[in-house]
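Structural overview
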Amino acid sequence: MSNRSARLVLENGLEFTGQHFGATGERVGEVVFNTGMTGYQEVLTDPSYCGQIVTMTYPLIGNYGVNVDNIESRQPYVHGFVVRRLAAEPSHFKSLGNLDDYLRQHGILGISEIDTRQLTKAIRSDGTMKAVLTTENTPVSVLLDKLAQPLMTDQILRVTTPQTYRCPGEGRRVVAIDYGMKSGVVRSLLARRCDVIVVPATASTKEILAWKPEGVMLSNGPGDPLDAPYAIATVKELIQYGVPVFGICLGHQLIGLASGARTEKMRFGHRGANHPVKDLRTGKVYITSQNHGYMVSEDSLRGTDLILTHLNVNDRTVEGMMHRHRPVFCVQYHPEARPGPDDSDELFDEFMRMMDEVGEGRWTAHA
Ligand SMILES: NC(=O)CC[C@H](N)C(=O)O
């Protein structure tokens, strides 16, 4: 191989050769595709992608460079980044540098000049697969042996905040459980003047309630929700206690599991900025930002206290639920947007109203 070349090898044996950018080395992950035309920096820094190699279906990436505003966490968490063409000379008034340098600084491997259409079609037909991205000369047989090993299952613990911290505000006190939270979630709460206390994923119910929260926010996060039994147990206790709870993405899945519903792995998931979701309560359709590979199974809601509130218009999968007897609701998509549309921003207002109603003793169950 030339010293600029890199390879992406999938567990089904498919091999792509391209040009490397960013860091060098070898890294394994689950290969997934995102269909957003923009938003690569938000994708790179969304901790929900920890453990995954992401390919962008839009063919030109890096064209507006990198800046300090479009980040969703402390650092990029993806295990690799795959693009068709990397823009050599970015142009944007906010741009502070290029993607190549940015990924190198953060130790993330990138590969360009890949037929991302073929790769995406392979993922769509064979489902999400393990893959290895390498700039080394490792023989394919050795790479495939590596792929035979199970992937990590402790992503949440790798990305959650090690310590509790506070983003002060004058308004309602919200404890946000950080399972790998995008900063957009805190930003949306602070925009509503909330006093936000961010706690680690392993925080106990007692620790959470000691803050006397008016509401609890369950964040997005990486991996299979079944790999976090400690989180399912805490969410179950919080629901029983009766504190208002709003869950986003992984938070939604945890509410499902804590209430006796099931989750399952999707064939290739939803990752992009234009997924249509219908609010069954109003009939209104929203264009949503999404990033998930697991979902709550609709048939498993039967017999639980959860009511289906939102459905994906493309494939009719569960996109939102609320609790019959408790002030708890959640969505599988991202009202905090970034990347993607702000259409669902009002869900944060719904959370504010719910906290007011509970605080003033006006909240009534749905049953
Ligand atoms: N963005 C998220 O919270 C993703 C949730 C979960 N890790 C999934 O892939 O389904």
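Residues numbered from 1 in each chain as written. Predicted model: local features only at pLDDT ≥ 70, side-chain atom pairs only at ≥ 80, totals over all residues.

**Thoughts on unusual backbone geometry**
Definition in use: In this description a helix means any DSSP run of H or I spanning at least four residues, a strand means any run of E spanning at least two, and both kinds are numbered starting from the N terminus. Any residue surrounded by 20 or more other C-beta atoms within 10 Å of its C-beta is treated as buried, while 12 or fewer makes it exposed and the intermediate range makes it partly exposed; C-beta atoms here are placed from the backbone.
Across the junction of R338 and P339, the peptide omega takes the value 5°, indicating a cis bond. Looking at where P339 falls in the secondary structure, it is placed in the loop between strand 19 (328-331) and helix 10 (346-359). The phi torsion at K212 lies on the positive side, around 50°, for a residue other than glycine. Structurally, K212 can be placed in the loop between helix 7 (205-209) and strand 13 (215-218). Residue classification places K212 among the exposed residues on the basis of 9 C-beta atoms within 10 Å. For R338, which is not glycine, the phi torsion reads 55° and is therefore positive.

**Thoughts on the nonpolar core**
We apply this condition: Each nonpolar core comprises buried Ala, Val, Leu, Ile, Met, Phe, Trp, Tyr and Cys residues, the members being joined through C-beta atoms within 7 Å. Bear in mind that the domain bounds are from an automatic or database domain assignment. Once C-beta atoms have been placed from the backbone, residue pairs whose C-beta atoms lie within 7 Å are recorded as contacts.
Ranked by size, the top nonpolar core spans 97 residues in total, and within it A176 and I177 carry the most contacts. It is helix 10 that provides the largest number of residues to this core, a total of 6 residues. When residues of this core are assigned to domains, at least three fall in each of domain 1 (5-147) and domain 2 (155-359). Dropping the residues within four chain positions of it, A176 is found in contact with M181, V185, V186, L189, V196, V198, M217 and S219.

**Quick word on the pairing of strand 15 (residues 263-279)**
Quick note on the threshold: Only when DSSP finds a minimum of two bridges between them are two strands counted as paired.
Summarising the sheet, strand 15 and strand 16 (residues 285-296) pair through 10 bridges and their orientation is antiparallel. Across the sheet, R271 pairs through a bridge with N291, a residue of strand 16. Here strand 15 hands over to strand 16 after 5 residues, with G283 in that stretch at a positive phi of 85°. One ladder, built from 3 bridges, connects strand 15 with strand 17 (residues 306-312); its direction is antiparallel. Its bridge partner lying in strand 17, V277 is registered against N312.

**Brief notes about the pairing of strand 4 (residues 52-56)**
Counting buried positions over the 5 residues of strand 4 gives 5, a clear majority of the element. Examined bridge by bridge, strand 3 (residues 26-34) and strand 4 share 5 bridges and lie parallel to one another. Along strand 4, the bridge assignment pairs N34 with M56. Pairing geometry for strand 4 and strand 6 (residues 80-82), over 3 bridges, is parallel. Across the sheet, the residue bridging to I53 is G80, located in strand 6.

**Some points on the site of the ligand**
What counts, and what does not: Note on definitions: a residue is near a molecule or strand provided its C-beta atom, placed from the backbone, lies within 6 Å of it. Throughout this entry, Asp, Glu, Lys and Arg are counted as charged residues, while Ala, Val, Leu, Ile, Met, Phe, Trp, Tyr, Cys and Pro are counted as nonpolar. The remaining residues, Gly among them, count as polar.
Around the ligand lies a shell formed by S48, N220, G221, P222, G223, C249, L250, N291, H292, G293 and Y294. For the shell around the ligand, a count of residues per class yields 4 nonpolar, 7 polar and no charged.

**Quick notes on the domain arrangement of the protein chain**
The assigned domain composition of the protein chain is domain 1 (5-147) and domain 2 (155-359). The gap between the C-alpha centroids of domain 1 and domain 2 is 27 Å. Between domain 1 and domain 2, the contact holds 22 residues from the first and 23 residues from the second. For the side of domain 1 that touches domain 2, the secondary structure elements donating two or more residues are strand 3, helix 1 (40-45) and helix 3 (116-126). Considering every element that reaches the side of domain 1 that touches domain 2, the biggest residue donor is strand 3, with 3 residues. Of the residues that constitute the side of domain 1 that touches domain 2, the class distribution is 8 nonpolar, 10 polar and 4 charged.

**Points about helix 3**
The criterion, for reference: Regarding the arc, it is the one traced by the directions from the helix axis to the C-beta atoms.
Taken residue by residue, helix 3 has T116, L119, T120 and I123 as its buried positions. Across the axial projection of helix 3, the buried residues extend over an arc of 95°, all falling on one side. Residues of helix 3 that are exposed and angled more than 90 degrees away from the buried face: Q118, K121 and S125. Buried residues belonging to helix 3 abut strand 2 (15-22), strand 3, strand 4, strand 6, strand 9 (129-134) and strand 15.

**Considerations on the UniProt feature "active site" (unreviewed entry) in the protein chain**
The criterion, for reference: UniProt positions are given in the numbering used here, feature names are shortened, and annotations may be inferred rather than shown by experiment.
Taken from the UniProt record, the annotation "active site" (unreviewed entry) applies to C249, H334 and E336. For the residues just named, distributed over 88 residues, the greatest C-alpha separation is only 11.0 Å, placing them together at one site. Here C249 is to be found in the loop between strand 14 (245-248) and helix 9 (250-258). If near-sequence neighbours (up to four positions away) are discounted, C249 is found in contact with S48, N220, H292, Q332 and H334. With respect to the helices, strands and loops of the structure, H334 is situated in the loop between strand 19 and helix 10. Judged by the 27 C-beta atoms lying within 10 Å of it, H334 is buried.

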